[in-house]
Amino acid sequence: MNVCVIGVGYVGLVTGAVFADLGNEVICVDKVEEKINMLKRGEMPIYEPGLEELVARNVKEGRLSFTTNIGEGVRRSEVIFIAVGTPPRENGETDLSHVEAVALEIAHHLNHYKIIVNKSTVPVGTGDLVRNIIEKNKNNDVEFDVVSNPEFLREGSAIADTLKPDRIVIGAPTQNVAMTLLELYAPIERPMLITNVESAEMIKYASNAFLSTKISFINMIADLCEKTGADVTMVAKGMGYDQRIGMHFLQAGLGFGGSCFPKDTLSLIHTARKYGEEFRLLEEVIKINQQRVPRFVERIAQRLNPLNNKTIAVLGLAFKPDTDDLRDAKSVELITLLRERGATIKAYDPVAINNARKILPDIIYCKNSYDAAEGADALVIVTEWNEFKLLNLERLKSVMQQPIIFDGRNIYDPKRIRKMGFEYYSIGRK
Ligand code: UGA
């Protein structure tokens, strides 16, 4: 099938590369020339394990190409995926200006029947909006349909998630239209759910908001565990064995960040308000999440009192492991608060340092964990990269000013680490 993907962010680029790998002719479009030029040179505009190889293979075999010319992409394709950014506005509402601009461009280049698929995370009702824009602005009498096909991939495991999703959701106006998408996804052999457009749009937000609710819930339980002597990792395990609850997304810590959960949860609150409902549950989910880092910083400050003139090593800057993404990263919030109180920060991350420099120019960047820990009054774990789990703790201890660890992601066994002579603070464990 001839497929066009508009937007080469995480969702667009991974989707395009995977569809090409499944044997389709895919053209990826982006208006940012720099990104397209990078891709043409074989360089990735984002860090995602396995992506460079996947893209290179499909470019070489002639199934994947890149262009800034949206007209070219639209005209030669039967199915067009919209995968552009939908950032939040100040009030939490989703900014749809990129989606609207793309819909207008598609309208201008419509030359034969096409299916336009919304893969961007867009609030319920956006399918209608896109359809109206194209209908009003198309130059001729060509027919088209608009489908919602939300994406559930996670950064860091984006390719595996795309090839083996728990489900594929297709929100289509008719069964016939859904069939084209079914055909495209058939080689993946995963459960598929066909709904109307509105339900598919809602499934995406309901899923992300539910997962963020799980995280805030376990974080509140963690706070209670600290006060009562319970251990949140055991509590989560004990809950998770119940199949109705499940083990996933019960990892207590500094809360959820990234470009999806915070913004999508806020957006759903906003949508509810638009329809006259107050989604108080989700308002609390956000509030609990916003208290995670200040609470943690308070604990660090109490122990190191005063923070002024103290040196703190921060391990992990990306919002989660296996990505270089710092959008809504807890590291930024934590470092900003620590610096406001006069601390000097030495930071290390395996891949996110280049991105971090743009947001946090005034901290010391280190070449590895030991370099960051050198002379530090305390070490803080912010992102649970695997390499931090395997550190030589003896060496770490020997270079620190004092062996104190604040573990925001519970990566160490408290008994073991204390036995090695560290003073150790974690989340939801005594
Ligand atoms: C999330 C969803 O998991 C994907 O299904 C969805 O497609 C994507 O958003 C999206 O809407 O595009 P992502 O933001 O890449 O994916 O990352 P997650 O692995 O879900 O983690 C989100 C945040 O929650 C991270 O800050 C992570 O540290 C935190 N988290 C996750 C916890 O604090 N505890 C957990 O148990 C799990």
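Before reading on, note that the structure itself is shown above.
Every value quoted in this text rests on a predicted model; they were computed, and no experiment measured them.

Colleague: I would appreciate a short explanation of the nonpolar core in the present structure.
Modeller: Core analysis: the largest hydrophobic core is formed by 65 residues, its most contacted members being Ile312, Leu317, Leu334, Leu396 and Tyr412. Every residue in contact with tyrosine 412, bar those within four places of it in the chain, is listed here: Ile381, Phe388, Lys389, Leu391, Leu393, Ile405, Asp407, Ile417, Tyr424 and Arg429. Counting 40 residues, the second largest nonpolar core, distinct from the first, contains Ala17, Val18, Leu51 and Ile159.

Colleague: For this particular structure, what's the right way to read the layout of surface pockets?
Modeller: To find leftover empty space, a probe the size of one water molecule is rolled over the atoms. Its boundaries defined by the atoms lining it, the second largest pocket holds a volume of some 220 Å³. Lining of the second largest pocket is provided by 14 residues; of these, Glu93, Thr94, Leu96, Pro123 and Lys274 occupy positions nearest its centre. Among the secondary structure elements, those contributing two or more residues to the lining of the second largest pocket are helix H6 (126–137) and helix H11 (261–274). In terms of residue count, the dominant contributor to the lining of the second largest pocket is H11 (four residues). A breakdown of the residues in the lining of the second largest pocket according to their chemical character gives four nonpolar, six polar and four charged. Both domains that furnish three or more residues to the lining of the second largest pocket are identified here as domain 1 (2–195) and domain 2 (203–430).

Colleague: Got a minute to help me understand the environment of serine 65 in this structure?
Modeller: Positionally, serine 65 belongs in strand E3 (residues 64–67). You can call serine 65 partly exposed: its relative accessible area is 27%. When the C-alpha positions of serine 65 and lysine 40 are compared, they lie 7.9 Å apart, and in sequence the two are 25 residues distant.

Colleague: Whenever I open this one, the sheet that holds strand E9 (residues 311–315) confuses me. Can you help?
Modeller: Backbone hydrogen bonds are what pair the strands of a sheet, in a parallel or an antiparallel way. Reading across the sheet, the six strands line up as E11-E10-E9-E12-E13-E14 and stay open at both edges, with parallel pairing between neighbours. Only two strands of the sheet have a single neighbouring strand rather than two, namely strand E11 (364–365) and strand E14 (423–425). Sheet analysis places strand E12 (residues 378–381) next to strand E13 (residues 404–407), joined by three bridges and oriented parallel. Bridge assignment links valine 380 to a residue of E13, and that residue is phenylalanine 406. Helix-sheet contacts for helix H12 (residues 280–304) involve E9, E12, E13 and E14, and the interaxial angle to E13 is about 170 degrees.

What counts and how
Residues numbered from 1 in each chain as written. Predicted model: local features only at pLDDT ≥ 70, side-chain atom pairs only at ≥ 80, totals over all residues. Heavy atoms only, no water. Core = buried A, V, L, I, M, F, W, Y, C linked by side-chain atoms within 4.5 Å. Buried < 20%, exposed > 50% of the residue type's maximum accessible area, 1.4 Å probe, protein only. Contact = heavy atoms within 4.5 Å. 1 Å grid on protein atoms, 1.4 Å probe; cavity = no way out; pocket = protein on both sides within 12 Å on 5 of 7 lines; lining within 4 Å. Points joined across faces, edges and corners; volume = space filled by probe spheres on them. Helix = DSSP H or I, 4+ residues; strand = E, 2+ residues; numbered from the N terminus. Nonpolar A, V, L, I, M, F, W, Y, C, P; charged D, E, K, R; others polar. Domains from an automatic or database assignment. Pairing = 2+ DSSP bridges. Axes fitted to C-alpha atoms, helices over the stretch in contact; angles between N-to-C directions.

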